[in-house]
Amino acid sequence: MKISAVVQKDPDSEFVIEEVDLEEPRYDEILVKIAGSGICHTDLGAVKLLPREAFPAVFGHEGSGIVEKVGSHVRDIKPGDHVVLTQHLCGACKPCLTGNPCYCQNGVLLNMSGGRGDSSRTISKDGKPYFGSWFTQSSWASYALAHEKSVVKVPEDLPVEMLGPLGCGFQTGAGAVINALCPPLGSSIAIFGVGTVGLAAIMGAVLNGCSKIIAIDVMPERLELAKTLGATHVVNAKAEVPSEAVKAITGGGADYALECIGNPAVFRQAVESTSQSGECGLIGLSAPGTEVSLDMNGILFGRKIRGILEGDAISPIFIPQLIEYYRQGRFPIDRLISFYPMTDVNKAIADTLSGKTLKAVLRP
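Residues numbered from 1 in each chain as written. Predicted model: local features only at pLDDT ≥ 70, side-chain atom pairs only at ≥ 80, totals over all residues. Heavy atoms only, no water.

1. Some words on the sheet that holds strand β12 (residues 233-236)
Within a beta sheet, neighbouring strands are joined by backbone hydrogen bonds and run either parallel or antiparallel to one another.
Here's step 1: Here we have six strands laid out as an open sheet, ordered β12-β11-β10-β13-β14-β15, and parallel in their pairing. With partners counted over all chains shown, the strands left at the sheet margins are β12 and β15 (304-307), one partner each. Pairs of neighbouring strands in the sheet enclose a mean axial angle of 15 degrees, with direction left out of account.
Here's step 2: Across five bridges, strand β10 (residues 188-192) lies against strand β11 (residues 212-217) in parallel orientation. Residue pairing in the sheet places I189 in a bridge with I213 of β11.
Here's step 3: In the packing of helix α8 (residues 264-272) onto the sheet, contacts are made with β10, β13 (254-259), β14 (274-282) and β15, and the angle to β14 comes to roughly 145 degrees. (Pairing = 2+ DSSP bridges. Helix = DSSP H or I, 4+ residues; strand = E, 2+ residues; numbered from the N terminus. Axes fitted to C-alpha atoms, helices over the stretch in contact; angles between N-to-C directions. Contact = heavy atoms within 4.5 Å.)

Structure follows, in C-alpha cells:
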C-alpha cells in the first residue's frame, strides 16, 4: 500500500516527506494508522551511527494510533483498537523467559536491523528496499507495520496521539526508577539530565515515595519544570560540582542515582554522588565503544552500578499502569509534549536538539 513517510536519503541530508510502499501485514503483524509518533534521541543517534549504505531510512519508534488491519493469526488485537507501539522481543530466549524482555538476546536483530527478523524489508519505493521496521514500526509515517508482540492496547477515551512516547521515553525514565532501582519509601535519588526521560524518572521517584529527589541539569528552565513535577532540590551543573552538591543535600551521598544523558563525565559524577552503599543506574545512550573512567576503590566499598534498558518494563503491564497514573494526575505526560505536523519534522528535530521542546510528537 502507498503511505506517506518521513525519509532520510543519507546521513547528511534533511528529512523529507515521500510516498513509499508498505507491505501488507503478515499473519503475526498489525497495520496501524499512526495518530502520533514521538521524536527520541535514539532516532537521531541512529542517523549518525548507521552506515551510509543503510540509507534511505524511515525512523520513529514511539508510535501510537488505531489498528487498521491484523494478520490471520492475531487474536488479542482487532481493527479499531487504540494501541501504543513499543519494542519487539522474541519471547523464547532466556531473558524473555525469565521476565527480562528488555534484554532479549534477539532484540537488536528484531528492532534495529532495518527489516524483519528474517531480513525481509517492509518499506520500499519503486522496488528499492528502504531501511525500516525500526523498533518493528518505523512510525514517522501515516501507517506502520508492527508485530503483535510489540503492540499494547490502550483505552479509547484518551487522546491516542499523545500516548506513543509511553512506548519508549516515558516508560524508560519512570521504569528505571520504579522497576529497576526500586527505591524504598523515604530514600534519596539524584537524576542527572532532566529531559523527557529524566523528568519521567522524577515522576517515577515521586510515585515511589522518595523523600529527596534531586534534579541535575544545565538548563534552568528544565530545573524549574522538574520542581513542579516533584523534584525537592535542583542543581545547576554549570554553577556547582554535582556530586559535591548531592552529597551536601543528602548528608553524604544519595541512596540512588540515575544517568540519563550518556556522557562519560556525567556518569562518573552520578556514580560519585551516591553513598558508599548506593546504586547508580545508566540509561543514557552513547556511541558504541564509549568508555568511562571510574575510581575502582570508590566502587569497592559497596557501590553498585547497573545498566537499564526500556525501564526494565514488561510493556503490556507497565504501560497501562502509567496510563492509570496519568488519569489520577500523578504522571502528567501532557505537560511534556509538543505536537508538530509531520511536514514540520525538521523544525521538530531542531527544537528537540536545542532543548526548546522536551518531547516533540509528529502528527501525520
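2. Comments concerning the pattern of salt bridges
Here's step 1: Taken as a whole, this structure holds 16 salt bridges when the rule is applied.
Here's step 2: Residue R52 pairs with D12 through a salt bridge whose shortest N-O separation is 2.6 Å. In this pair, R52 is assigned in the loop between α1 (41-49) and β4 (63-70) and D12 in the loop between β1 (2-8) and β2 (15-22), connecting sequence segments 40 residues apart.
Here's step 3: With a relative accessible area of 60%, D12 lands in the exposed category.
Here's step 4: Its salt-bridge partner being K125, residue E18 comes within 3.7 Å of it at the nearest N-O pair. Placement of E18 in strand β2 and of K125 in strand β6 (residues 123-125) is noted, with a sequence separation of 107 residues between them.
Here's step 5: Assessed through its relative accessible area of 9%, E18 is described here as buried.
Here's step 6: Look at the salt bridges and you will find they share partners, linking K9, E18 and K125 into a network. (Salt bridge = Lys/Arg side-chain N within 4 Å of Asp/Glu carboxyl O. Buried < 20%, exposed > 50% of the residue type's maximum accessible area, 1.4 Å probe, protein only.)

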